[in-house]
Structures are given as C-alpha cells and as structure tokens.
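Residues per chain, in single letters:
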Amino acid sequence: MSEKHSTLKLIQNGLSKHPESVLKAINLSVWINDSLILNDINLYVKRNRINCIIGPSGAGKSTLIRSFNRINDETDGLRAKGSIRFNGSDIYDKDVDTSWLRSRIGMVFQKPAVFPVSIKANVLMGIRHHRKLTRLEELQVSEKNLKAVSLWAEVSHRLDDKASSLSAGQQQRLCIARTLAVEPRVILLDEPTSALDPVSSKSIEDLLIRMKQNYTILFVTHNIPQARRIADELIFMCDGKIIEAGPKKQLFNHPRKEATKKYLGEDICDC
Amino acid sequence: MSRILKNRLFSGISWISLGICCLILVFLIAVIAWNGIKAINFDFLMSESRHFGASGGIYYQIVGSLLMVLVAALISLPLALGTAVYKSEYLKNSKLQMLSDSLIYGLNGIPSIVFGLFGLIFFVNILNTGISWFVGSVILAFMILPTIVLASYQSINSIPDHYRESALALGMDKWRVITTVLLPQGISGAVTGLLIGLARAVGETAPIMFIATAYSGARYPDSLLEPVAALPTHILALAQQATDPDALQAAWGASFVLICLVTLFSISALFIRKRTQILSER
Amino acid sequence: MSYKWLAALSCLFLLVLYACTNKESIHIDGSTTVLPIIAEVAEEFRSQYPDIRLIVNAGGSGVAVHQVGAGRVHIGMISRDLTEFEKASYPQADFVTHIIGRDAVIPAVSKYVYDAGVRQLSIDQLRAIYTGEITNWAEVGGPDRHILVIDKERSRGTRHVFMEVITGHPEAEAPGADLVLGANNELQTAIMQSNSAIGVLSWAWLNENVRGLAVITDDGEIIEPTKENIRNGQFPIIRNIELITNGQPSGIASDFIDFVLSEQGQKKVEDFGYARVDN
Amino acid sequence: MPALITDKVGKNYVLFSTLISAGVIFMILLMLLIYSWEAITQNGWQLFTTVWNPPAGQFGIASMLYGTVAVTVIAVALAVPIGLMSAIMISEILPGRYRVMVKSLLELLAGIPSIIYGLIGVAFFSLWIGNIFELDTGRTILTGGILLAIMILPIIITLSEDAIHNVPDIYREAAFGLGLYRHEVIFSTLLPIARADIAGAVLLGLGRAMGETMAVMLVIGSIDRIPSPVFNTLVPGQTITSKLGREITESAFGSVHFSSMIFMGLMLLIIVLGITLIAQRFIKLRSRLYE
C-alpha cells in the first residue's frame, strides 16, 4: 500500500513542480567509515541532456552518481545526510522501494558485467522480474533495445549465444540495452568507456547523443576530450565538492573558477 | 507486491537458517564446556584412569595422543616439504602437475576408517608389528600429509621467480637456491599446514582404534611397537557406556581436553599464518 | 635455523624414547566381554608388582587371536570359540585355553518393564521373542508395549551360548531383533535408555535400571539370576570365561594367570558376579 | 665437488619424498584390492545381496550400502538448504564486520572431532529422536543422518560462502542497477555464477558424510537390515563405516569374512575418492570462469 502511495506522490510532485530538472541533490554529504567522501553537494540534473560529471580520480564522482539510485546502500560503512529528489520527492524516504527507484533510474557501470547466460537472457534479465512477458514480447523487447544500442545487426542471428562471447564494446552496449529494457527515465553511466578501445568508445558516445532525446543522462568521466565531445551540462568535482557547474560552453570558455580553467585546460587539479 | 513478499520471505528464511546454525554451535559448545569443565580438575588431568575410565583421570591418554601426533608431525614434515619442493621446482610437466594435484586431493579425501583398515592389513597383519603407537603415528602422518604438502607448496610457489633467477645468477646451484632462498619461506607454510593437520589428527579415532591404542595399563611406551592410550579412543570407550554418570562425566572431561588441544593447534596455525603474512609483506 | 631446531628436537625425542627403562611387560588383548574382569584384576596385579607392565587392550577377538597366534600378545581374551579357519591359519601355534570363571548370560529388561510385572521368562518365551513370534510385552504378562529386542553382534560368545540354549544352535538367526549392539556397556546403555527393551547381559552389568529376569527352565523351575545360582551352576545359561595363550604360559604371563586363579583373583571374579572356578 | 653432490642428494631426496607421498594412495588401493580379492572370487555377485551371516558364509553388503546412501542423503538434504541459505546470509546480508567472526566460529564447529559428535549423539540426539517420534530406540538411520548433517554444515557453509563472496561486485551492482530485489539478484545472477563452486562444496560435504565413522557408528543401531518400507529411516540401520568399525577386529585375518569387510572398505574408498576428485574439478573451475 504505502509503496504505491509514495510512488504516486513522487510522480505527481515531479510533474507539477519541477519541469526541467528531473533529479537534484540537496546538501548531500556522504561518509564511508567516518571519512567524508562527498561534502555538501547541491546539484541539478537537467532533463533530456547529457549531464557530465568530470574531475580527477578520487574526487567522489562515483560515490555521487551511485547515490542517485541508492546502489550505494550495498556499500559497507556508508552513511548519507541531506536529500536527493527525484521528480520532487526524496529518494531516501523510508518507504521508497529501491527496486522501483532503480528501474526508473537505470545505471551502467565501468566494467561491462554480462551475466553468464545468453545474449537475449541478458537483455531480459531486469525486465522479466518487473513484469511477465510472453515469448513474443520477449523477442520484441530484445529487438527494440538491441536496435536502440545498434547491436541488433551484429547479434540478431545468435541471440541464444553466451553473452560472454561478445567483444568488450559489444558487451557494454548489451549492458546499456538491458538497462533500457527496464524503461528508465534517467540513465546513470559511471565511466562506461574507460575499459574500452577508442572505436567502441566512439560508438557508445554516438549512442548517448542519440539517446538524450528520450532519456535524461548523467555521465561520469575523467576524460576531458570526451566531455568536450558529448556533454551538454558540465559538473566539475574535486575532493568531494562541486567546484563549478553549468553549460559546457561556459565552463570550457569562461570558467568562473581558476581551478576549473586549470583542470579543463591542462588536466591538472590543485583544489 | 508479490516480489516484495518473496524478498521478505527470503530474508526470513536466511535469518532462520543462520539462526539454526548458531543455535547448533552454541548448543555444542555449551554442552561440551559446561559438562567438561565440571569434570576437570588437577587430579583428573594428572592421574591414570581406573574402572573403565569411570574413575581416575586421563593423564596417559593425553600423553599418548600427544606422542602419536607429534611423531606423526616429525614423520610427515620432511616428506611433505620434499614433495612440495619437487612439485614446485622440479615438476614442470603440466599433465604430471595435474596428476599430482589429483593424488594429493585424493589422499586428503580418503575416509579415515580406510586408513585404519590399511594400517590393520599392512602393519598389524603383514608386517606383524602388533598394536603399536608408532604405526598409529605413521598412519596419522599419511593422513595429514596432503594438508602440509598443499600449504608448503603454496608458500614456496608464491615466491616470485626473480628471487630464484637472481640466486642462480649468483652462481648457486639449484639445491643451494632451494635451501637458502625457498625453504626458509616454505617452512612457515609447512608449519601452518602441519598445525592444521595436527588439529585434525589429534581428534581422529577411526584410523587408530584398530592399530595403535590400548584400553588400560598403557603408560609411557618402552618401544616403538607398544600400544598407548589415546583421548579419542578413550572417549569412544566411555561413550559406549553413556548411562553410567561417572563414565559420562569422564567422557565430557576428556572431550573438553581434546577440544582444547584441537583449538590450541588451530590457533597456533592461525597465529603463525598471521605472522608470516606480516613478514612477507615487508 | 629452522632445520637445526627440528633436528635437535628429533634427536631429543629419540633419546627420550630409548632412555625409557625397559620394564618387563606383558600384553593382553581381546574381546570387550572379558575385559572388565581382567582389567580389574590387572589393576590389582599392577599394584602388587609395580615393576611389571601389564597392558590390557580390547581390540576384538579376531585381532587377539591373530596376535596370540603371531606371538605379539601373550594372553588373548576371546568371547567366542576359535574358528577352524583360525586354527588352520596358525599351524605352529598351540592355543591353550584357561578357564578363569563362569558367567551367566542373563536376559535383562528395562526397569519399566520389570516394574510392570515381567519378572521371569521361560526358555520358550525367550525363543519366541528372539524369533519375532512374540512382539508385545503384553503377551508375556507385561505392559502393552512393543518389545525392543536387542541382539548381540554375531561373533560374540555370549550370543553363541544364549542362542544355543534357547534355540539349540549357537549361530541361529534372530529375526525378531530390532537392534544389534556389541559390548555389554552399549547394551546396558541402550536398555537403560529405552523402557521396553530386552537384551542379554552378564551379571556384572545389571543394576537398578537394568534388571535381570529369572529363567523358567523346561522343567518348570524358576531360577533367579542370583550370585548363588550362578556360582552353583543352577542358572541355565552359563558360559566359561576363557583366556588363551600360545603354548603353556611361562614367565609373567603364567604369573598373571596364576594370579587370576588365586584366592585374590577369584575373589575379584566373584565380585563381578561371575562364578569362581577354583572349587 | 661437494656442492654437486648435495645438489644430487637433494634432488633425490625431494624425488623420493614425492614418490612416497604419491605411492601411499596406490598402496592403500592395492592392499584393499588384494585383500578383497578372496571375497570377490568366493562370493561374486552374492556380495550385493542383503543377508550378512558370516558363520553361514553369507556376505551380502546391500544393507550396508543402503545405510550409507540413506544417511548421506539425509545429511545432504538437511545440510544443503540450511548451509546454502546461511552462506547467502553471511555473504550477502550480514554486514561485513560480522563475516569474519561468524566464519571463524564455523571453523571452530568444523574442528570438533567426530568422536565428540558421537558422544553428543548418544547422550542427547538419540534420546531426543526416541522421545519425539515415540520410538523404542533413538538409535536410527535418521539420527545418524542428522548428526552427519551437523558435521558437514561448516564445510558446506564455508566453501559455498567463499564461492558466493568471490563473485565480483560488478555482477551484484549490475543486477541491483536493473532494479532487482535482493533475492532476485542472488538467485538469478550470483548463484548461477557461483554454481560450480557450490556444487564442489556440496560434493565435498557428501564425500565427508559418506566416509564418516565414529559419529554414525555410535548412534545408528547397527542392524544389518534394509527397513521396510524402504523410506522408513526411523529404524536402526548399518552403514559401511559403522559395520567396519564394529566388526573388522572380530573377524579372523585372511578369512572370507575379513575379506568381505575389506571389500566394503574398497567400495567406500572408490566412491568417496570419485566424489572428492569430481568436487575438486568443480572448485578449480572458478578461476577460469571470469578474468
């Protein structure tokens, strides 16, 4: 009962009050075993844009993005303060169903983690737990989502092969496909191309640019040229804090902070 | 909704399972400790058993058990070290490697009573040794061999190759390299394995009950070919008369002492492993 | 450094081993049935001759015969007759038996059954119970409970004697048995833990909770399992308690057997509820 | 050239130790084979009948085989669900700081010698079983099975916990990221990935249960009979190990009786060795599955 109620509330609030920002963090601080990882973060994620979090390693980018769908709940010794609002309601509310939340806010990780089952079963892994599918629907869902990640042409003739037989780039696109299959609103991507070769990276970048019409994308990278290529909004993080955030052009051309200029220009961070 | 219910059900079952395990553990430890401590006093530990073990103590049982496992250690340690060195340094054929793995795991998997049968046939009957503590030691040594071989093999094999190469480059021959570079590292692994093995051996009943232990009157053995008393077989004899409260009391006492010995060996193993880990990290 | 340490330890150990004074010692091995009395007499013997080592083991009759035959053990306690196979296996051995006492094989029941009125059974009733014709205590005047028939392991001498008396064949099957156990101790425990059991025990194992039954002979005579009846041979199920040696015993072995047969030893035999053999 | 000599001696020493270590297992197999030969030639297929009556020359081991299988099946059937759920609990639900503590406690449980399980079995379990089911005697096949289940629990828990815990976190996160509930994450992703190792753990537990002697011998009742109906485990029975433990020393060395018992030992050895080696294969697969 309560889950349904709160879900309804989330959607209603979201539609009425916050038209352009889907997801926002308010005064968010996170500790792991008493060491402060995120320090008072305030962040707006813009609808149907590629929001790109950038910063040196150890800046807390991953911890931040992992807070948005509460995948951090699994981390031992982690403690969070503040709130994250999805369509206006706090996702850290006690009666929020994390499973529902994660199906609305999908996530793709650094290393492609395909399950040791067939390609098709990988695509259906999430969705088939959320609702019953007929065999026909299974095929339709697989085709639709594999097409969305431009993988259909490569694998349509061998959907029942082991997913581990794909190349790393294909595996990562498969991971995106199975995230799409759950029909999320927001997709979080945590350095999805850092384990891939340049060609595969490029195809994923193209994919993201196409996807932003239908989805809100929050993207973490430490690769500055990549951010320059695909980002709409940039969020520069360093040492657990957001140093500067705004449209890409503004940050690259007229940064307000010296640290931002230095990092984006010379890849040196001295904050 | 039903997914949430399933998840709750699953959590519930998991908690119950772990709860059952903990209950069993607590029950076992409580029973042994509670009954055991009541039975134990200085006299019990230091005197000879009398009247089927129902009165008197378990001094010679402790002596016999320790004697057997310590000699077993002396027999198996050099064998195991040699095997581990050969496996790590000389055996390069991958087929033979696999065979040796299978043999070691196989030996480890042999049911303990089969060791007893082997001892009965080979030593007591064919070699006509009679019931002898030394035969018991040999059998226990065979039993703990795989544990020690694996532990020392792992620690020798984990030494990076550049140690071997730089030692060889200094003009040492292979055996020098083994004794000066590899064995000092391997021996800590071997001792850890040995202690784990001893923790198992000291509690084993089936391998020694036909071939090594005597019921009463066995004290310090005069020769290799005499029986001794031992804790596990003593507990067996007492367990068979479990309704005699005196015998049962003595059985709990002996069990408690046995568990203490097992724990002592295990904890020493843990301690040595910890210490060598620290050393090798330096 | 570790090797030196190890080597030193082994040397020390061997030294200790050989430094042990070589006392004269004799070894006795055999069945658990004969064990209690011999163990007890041995304790007494040891206290009188502290210089002599006397090791008593209960490795089983088969092991004992092998060891006596092969000369590894001086005295064997066996609870069954030697098999032809064993006699043939040790052609050089000359097995000599020594009767040291007489033991009554007494049907014993749980206290509950005894208190409920079962005090005696006839030979026929015993046979019927062990062959499975009688399965309820009510049929022999007891409570309405299933009879838990405890048989002994087939190789046990006690069983041979008992089966011989009730069925006429020492190796007879006991299709009525629910449980097979070995040593007297174990049988006693099982009878005590149950409240509807019957088994056969030597007198020494009867107590408050495990009660012996009187046996009604075929002549209709009721014979109580009392010490007197066992001693004077009245009790119908009796066997000899025997030791075996390889050839006529000599030295300490002979001393020990003499000690068992002496007044002091026989008194012990009697304490255990066995009948003495010296008169 | 003393250095050359020590090199030679050293090499011979390690070779010799290896040959001894490897030889033991063949020696044991050989001995058991030689001494069961008489039973095999004398009895032939009669060995697999149900009547064991040494004086009459009948040596059927079917009852013992039945008992061994029965106690093992009971032990595994009880220990695997409880053990696996506990392993999942320790690895996936319990906070990490308790994990080491719980696992060391379990290792303590694993270190208790089997004879002590036997003592506890005689002093408590057989009485409880007798009372609960209102039996004449609590020395039953079920009692043996329960005791064995407790004995193999630590093996199954520790090994399958390792297996589940060793599944890389990326799979957990990927599955959680798709909006799966914990039980769905565990059953549809973690367990399939850890399947081989869990199978190995179960097989090792099975092998251990099958070869265990002391605990079973004291509580099983030792009657050479297959119960009727066959699934009635609330009656006394006999396993290969308990039979050997009780009767081998009573038989005359070299007789058909002795030989038949050794044959049982050989059967047990071959079955348990087979299971152990298969289990080891499963466990070694792990490193190849990912990375």
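What you are looking at is a predicted structure, and each value in this text was computed from that prediction instead of being measured. (Residues numbered from 1 in each chain as written. Chains lettered and ligands numbered in written order. Predicted model: local features only at pLDDT ≥ 70, side-chain atom pairs only at ≥ 80, totals over all residues. Heavy atoms only, no water.)

Things to note about unusual backbone geometry
With a phi angle near 45°, Asn33(A) is a residue other than glycine that sits in the positive phi range. Along the chain, the position of Asn33(A) falls in the loop between β1 (21-32) and β2 (35-46). You can call Asn33(A) exposed: its relative accessible area is 57%. Backbone geometry places Asn128(B), a non-glycine residue, at a positive phi of 55°. Counting through the fold element by element, Asn128(B) comes out in the loop between α5 (112-126) and α6 (133-157). According to the relative accessible area criterion, Asn128(B) is partly exposed, its value standing at 25%. (Helix = DSSP H or I, 4+ residues; strand = E, 2+ residues; numbered from the N terminus. Buried < 20%, exposed > 50% of the residue type's maximum accessible area, 1.4 Å probe, protein only.)

Quick notes on the interface of chain D and chain B
Between chain D and chain B, the contact holds 81 residues from the first and 72 residues from the second. Together, the buried faces of chain D and chain B total about 6,800 Å²; carbon and sulfur atoms form 82% of this surface. Between the two partners, chain D and chain B, sit one salt bridge. In this structure, Arg3(B) and Glu184(D) form a salt bridge, with 2.7 Å as the shortest nitrogen-oxygen distance. (Contact = heavy atoms within 4.5 Å. Buried area = accessible area lost by both parts, 1.4 Å probe. Salt bridge = Lys/Arg side-chain N within 4 Å of Asp/Glu carboxyl O.)

Some details on the sheet that holds strand β11 (residues 222-223) of chain C
Residue and element names in this part refer to chain C. The strand order across the open sheet built from three strands is β5-β10-β11, with neighbouring strands paired in mixed fashion. Looking at which strands have only one partner, the edges of the open sheet turn out to be β5 (120-122) and β11. Alignment of strand β10 (residues 214-216) against β11, held across two bridges, turns out to be antiparallel. Within the sheet, the bridge partner assigned to Ile216 lies in β11 and is Ile222. (Pairing = 2+ DSSP bridges.)

Regarding the interface of chain D and chain A
Often the size quoted for an interface is simply the accessible area lost on bringing the parts together. Contacts between chain D and chain A engage 19 residues on the former and 27 residues on the latter. A buried area of about 1,800 Å², summed over both sides, lies between chain D and chain A, and 63% of it is on carbon and sulfur atoms. When the area that chain D buries against chain A is broken down by residue, the three leading residues are Glu173(D), Phe176(D) and Leu178(D), summing to 32%. At the junction of chain D and chain A, the tally comes to one salt bridge. In this structure, Glu173(D) engages Arg66(A) in a salt bridge whose closest nitrogen and oxygen atoms are separated by 2.6 Å. Connecting chain D to chain A are five residue pairs in polar contact (both at pLDDT 80 or more). (Polar contact = N/O pair within 3.5 Å; in protein donor to acceptor, adjacent residues only side chain to side chain.)

Considering the sheet that holds strand β3 (residues 50-54) of chain A
Whether parallel or antiparallel, the strands of a sheet pair through hydrogen bonds between backbone atoms. All names here are of chain A. Taken in spatial order, the six strands line up as β6-β7-β8-β3-β9-β10 in an open sheet, and their pairing is mixed. Every other strand in the sheet has two partners, leaving β6 (105-108) and β10 (241-247) as the edge strands with one partner each. Shown here is a sheet whose adjacent strand axes are inclined to one another by a mean of 15°, direction ignored. Direction of pairing for strand β9 (residues 233-238) relative to β10: antiparallel, over a ladder of six bridges. When the sheet's bridge partners are listed, Glu233 is paired in β10 with Pro247. The strands touched by helix α8 (residues 168-181) are β6 and β7 (186-190); relative to β6, the strand with the most contacts, the crossing angle is about 170°. In the packing of helix α12 (residues 258-266) onto the sheet, the strands contacted are β3, β9 and β10, and the crossing angle to β9 comes to about 100°. (Axes fitted to C-alpha atoms, helices over the stretch in contact; angles between N-to-C directions.)

Comments concerning the pairing of β2(A)
Regular strands show a simple pattern: their side chains alternate between the two faces of the sheet. All names here are of chain A. For β1 and β2, the ladder comprises eight bridges, and the chain directions are antiparallel. Within β2, the position partnered with Trp31 by the bridge is Leu36. Hairpin connection of β1 to β2: two residues between the antiparallel strands, including Asn33 at a positive phi of 45°.

Brief notes about the layout of surface pockets
Counted as a void, the second largest pocket has a volume near 1,100 Å³. Mapped by element, the contributors of at least two residues to the lining of the second largest pocket are α3 (98-104) of chain A, α1 (2-39) of chain B together with α2 (62-93), α3 (96-111) and α6 (169-177) of chain D. Among the residues making up the lining of the second largest pocket, the classes are represented as 10 nonpolar, nine polar and 18 charged. (1 Å grid on protein atoms, 1.4 Å probe; cavity = no way out; pocket = protein on both sides within 12 Å on 5 of 7 lines; lining within 4 Å. Points joined across faces, edges and corners; volume = space filled by probe spheres on them. Nonpolar A, V, L, I, M, F, W, Y, C, P; charged D, E, K, R; others polar.)

Things to note about α8(A)
For α8(A), with 14 residues, the first-to-last C-alpha span of 20 Å sits near the 20 Å given by 1.5 Å per residue. Positive backbone phi, approximately 60°, marks Glu183(A), located one or two places after α8(A). (Expected span 1.5 Å × (residues − 1).)

A few points about the domain arrangement of chain C
All names here are of chain C. Here the domain parsing of chain C yields domain 1 (2-101 + 241-271) and domain 2 (104-231). Taking only C-alpha atoms into account, the centre of domain 1 sits 32 Å from that of domain 2. Contacts between the two partners involve eight residues from domain 1 and, on the opposite side, 12 residues from domain 2. Around 700 Å² of area is buried between domain 1 and domain 2 when both sides are counted, 45% of it from carbon and sulfur atoms. Between the two partners, domain 1 and domain 2, sit zero salt bridges. Inspection of the region where domain 1 meets domain 2 yields zero residue pairs in polar contact (both at pLDDT 80 or more). Taken together, the residues that form the side of domain 1 that touches domain 2 break down as one nonpolar, four polar and three charged. (Domains from an automatic or database assignment.)

Observations concerning the pairing of β3(A)
Residue and element names in this part refer to chain A. Here β3 lies mainly inside the structure; five of its five residues are buried. Alternating residues of β3 divide into Ile50, Cys52 and Ile54 and Asn51 and Ile53, and every residue in both groups is buried. In this structure, β3 lies alongside β9, joined through four bridges in parallel fashion. By the bridge assignment, Ile54 is partnered in β9 with Phe236.

Structural notes on the side chain of Thr193(A)
Here Thr193(A) shows up in the loop between β7 and α9 (198-211). Ignoring anything within four residues of it in the chain, the contact list for Thr193(A) reads Ser201(A), Ile204(A) and Gln226(A).

Some points on empty space enclosed by the protein
Following the criterion strictly, the structure yields five cavities of 30 Å³ or more and no others. Computed from the structure, the largest cavity encloses a volume of approximately 690 Å³. Tyr215(B), Leu236(B), Gln240(B), Thr32(C) and Ala58(C) are the residues nearest the centre of the largest cavity, which is lined by 44 residues in total. Listing elements by their share of the lining of the largest cavity, those giving two or more residues are β1 (49-50) and α9 (231-239) of chain B, α2 (35-48) and α8 (184-193) of chain C together with α9 (240-247) of chain D. Considering every element that reaches the lining of the largest cavity, the biggest residue donor is α2(C), with five residues.

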